[in-house]
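Descriptive analysis of the structure
So you can see what is in the structure, the chains are spelled out below.
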Amino acid sequence: MVNRPGECVSNKPAASWPASTALTGGSDGTNWLGGHNTENWQNTLAQPLPPGNYTFYLDAGNVIASPYVNTNSTLLFYGVKSTDPDFSHIPAQLIGSVVVDNVLSATNPTWVTRSFNITTTETYDRIEILNAPVVPGNTSAYTYIDNFRLTYTVDGGPDTTICVGATTEMAGTGTGVWSEKSGNPTPTSIANPSSGTTTISGFSAPGVYYFIWTSNGCTDEVAVTVTGPSAPVIAATDPSCEVPTGSISVESPAAGLTYTLSPGGMSNTTGVFTGLAPATGPYTVTASDGTCNSAASNALSIGALECCQSEAGTITIIP
């Protein structure tokens, strides 16, 4: 519907607005509607517009026909919530604007497509368009618009790089659901799949992990690159009569890594930790490449010292 200041509010649906003179409108050959400066139009959306990222498009142009002689106009776009009255154009709900500076005529229908991007945090069920006056009280521009449309842009946030064993916070916008793409190096845990800014953990092995943010039926794929060494695998050697202490050893240690035993805090590049007291542990080992630390290895304990020695004496026979 259109609000004509000082006159009335017309409830005509968009499809009923006739073509203006012989102008060819937008993509369908029929101009939607026109209005002069200070006039505003409002359209009820086929379904509410939820929070998210959108790009709005429309075809527009001004006509030169007395008393409308101004070739420049500005269209302001407002989101209208279900609780708002019609034609309220609340300043806080201004979602975008375009400048229209091209001229249309029956012999030269030079429509120009205009667009603007928005990120909404509210749900709107109507869009109000105000043809803003060039100067207060100036109504000397008449603007036609047609083919008003939008595209929805789903945004899961940027790709990230983290260390193995760390967590990452996602940055999806709007409302939606996170899911894990099949084929990731290891399973992970999504704390709250319905939150765009949820935390994901469980990156226990290096590699590239993919997650999908689904919003309004559209999807965006986000890659999380996990770097750093894999968790070591360790073996334990228990004490013996010959060596009364135990040891922990990394299986297949890699060159260039530093291994750290816990508890104890001992570090070396061999991955072999000796002199561990009997019946202690459990112990784990982590590996570091100088930037990232691995997840902890499997946990193993040192067994008790079990050594049987004869306590019998000796008899010496002297002939």
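Residues numbered from 1 in each chain as written. Predicted model: local features only at pLDDT ≥ 70, side-chain atom pairs only at ≥ 80, totals over all residues. Heavy atoms only, no water.

**Remarks on the overall build of the chain**
- Each helix and strand counted, the chain has zero helices and 24 strands in total.
- Counting all 319 residues of the chain, 39% fall into the buried class.
- Partitioning the contacts of the chain with sequence separation of at least 6, the portion at a separation of at least 24 is 66%.
- Carbon together with sulfur atoms contributes 54% to the accessible area of the chain, which is approximately 16100 Å² in total. (Helix = DSSP H or I, 4+ residues; strand = E, 2+ residues; numbered from the N terminus. Buried < 20%, exposed > 50% of the residue type's maximum accessible area, 1.4 Å probe, protein only. Contact = heavy atoms within 4.5 Å. Areas by Shrake-Rupley, 256 points an atom, 1.4 Å probe, with all protein chains shown as cover.)

**Focus on the side chain of Thr-186**
- Among the structural elements, Thr-186 can be located in the loop between β14 (177–180) and β15 (189–190).
- In this structure Thr-186 comes out as buried when scored by relative accessible area, which is 15%.
- At 3.4 Å, the side chain of Thr-186 and the backbone oxygen of Gly-202 are in polar contact. (Polar contact = N/O pair within 3.5 Å; in protein donor to acceptor, adjacent residues only side chain to side chain.)

**Thoughts on the packing of aromatic side chains**
- Summed over all chains, the structure comprises eight aromatic pairs.
- For the ring pair Phe-77 and Phe-116, a centre distance of 4.7 Å and an interplane angle of 35° mean the geometry is tilted. Highlighted residues: Phe-77 in strand β6 (residues 73–80) and Phe-116 in strand β9 (residues 112–120), separated in sequence by 39 residues. Neither Phe-77 nor Phe-116 differs from the other in exposure class; each is buried.
- These aromatic residues form a ring-pair network of at least three members: Phe-56, Phe-77 and Phe-116. (Phe/Tyr/Trp six-rings, centres within 6.5 Å; stacked < 30°, edge-to-face > 60°.)

**Looking at the state of the cysteines**
- Tallied over the entire structure, the rule returns one disulfide.
- Here Cys-163 pairs with Cys-292 through a disulfide, and the sulfurs are 2.0 Å apart. On the sign convention where negative means left-handed, the S-S torsion of about -65° between Cys-163 and Cys-292 marks this disulfide as left-handed. Note that Cys-163 is positioned in strand β12 (residues 160–163) and Cys-292 in the segment after β24 (284–288), a separation of 129 residues in sequence. (Disulfide = S-S within 2.5 Å.)

**Notes on a nonpolar patch on the surface**
- Judged by side-chain polarity, Ile-64, Val-69 and Val-103 come together as a nonpolar surface patch covering roughly 240 Å² of accessible area.
- According to the relative accessible area criterion, Val-103 is partly exposed, its value standing at 33%. (Patch = residues over 30% accessible without salt bridge, like charges linked within 9 Å, V, L, I, M, F, W, Y side chains within 5 Å. Salt bridge = Lys/Arg side-chain N within 4 Å of Asp/Glu carboxyl O.)

**Regarding the sheet that holds strand β19 (residues 234–237)**
- Strand order in the open sheet made by the three strands is β19-β20-β23, with antiparallel pairing throughout. With partners counted over all chains shown, the strands left at the sheet margins are β19 and β23 (272–276), one partner each. Pairwise comparison of adjacent strand axes, ignoring direction, gives a mean angle of 15° for this sheet.
- Pairing of strand β20 (residues 246–250) with β23, which is carried by three bridges, proceeds in the antiparallel orientation. Each residue of the ladder has a partner; that of Ser-249, found in β23, is Val-272. (Pairing = 2+ DSSP bridges. Axes fitted to C-alpha atoms, helices over the stretch in contact; angles between N-to-C directions.)

**Side note on the environment of Gly-176**
- For Gly-176, the location among the structural elements is in the loop between β13 (168–169) and β14.
- The spacing of Gly-176 and Asn-216 is 40 residues in sequence and 7.1 Å in space, taken between C-alpha atoms.
- Apart from residues no more than four positions distant in its own chain, Gly-176 is found in contact with Pro-193, Ser-194, Trp-213, Thr-214 and Ser-215.

**Structural notes on unusual backbone geometry**
- With omega at 0°, the peptide bond leading from Ser-262 into Pro-263 counts as cis.
- Within the fold, Pro-263 resides in the loop between β21 (258–262) and β22 (267–268).
- For the bond from Gly-281 to Pro-282, the omega torsion is 5°, close enough to zero to count as cis.
- One can find Pro-282 in the loop between β23 and β24.
- Positioned with a positive phi, His-89 is a non-glycine residue whose angle comes to about 25°.
- The topology assignment puts His-89 in the loop between β6 and β7 (94–100).

**A closer look at the side chain of Asn-268**
- Its place among the elements puts Asn-268 in strand β22.
- Looking at Asn-268, its side chain comes within polar contact range of the main-chain nitrogen of Gly-271, at 2.7 Å.
- Ignoring sequence-local partners within four residues, the contact set of Asn-268 consists of Leu-257, Thr-258, Tyr-259 and Phe-273.

**Examining the confidence of the model for the chain**
- Here the chain averages 85 in pLDDT, while 86% of its residues score no lower than 70.
- For the chain, the element scoring lowest by mean pLDDT is strand β2 (residues 9–10), at 44; β15 scores highest, at 98. (pLDDT = per-residue confidence, 0-100.)

**Digging into the pattern of salt bridges**
- Scanning the entire structure with this criterion turns up six salt bridges.
- Of the charged contacts, one joins Asp-86 and Arg-126 as a salt bridge, the two residues approaching to 2.6 Å between their closest N and O atoms. Here the residue Asp-86 occupies a position in the loop between β6 and β7, and Arg-126 occupies one in strand β10 (residues 124–132), the gap between them amounting to 40 residues.
- By relative accessible area, Asp-86 is classed as partly exposed at 40%.

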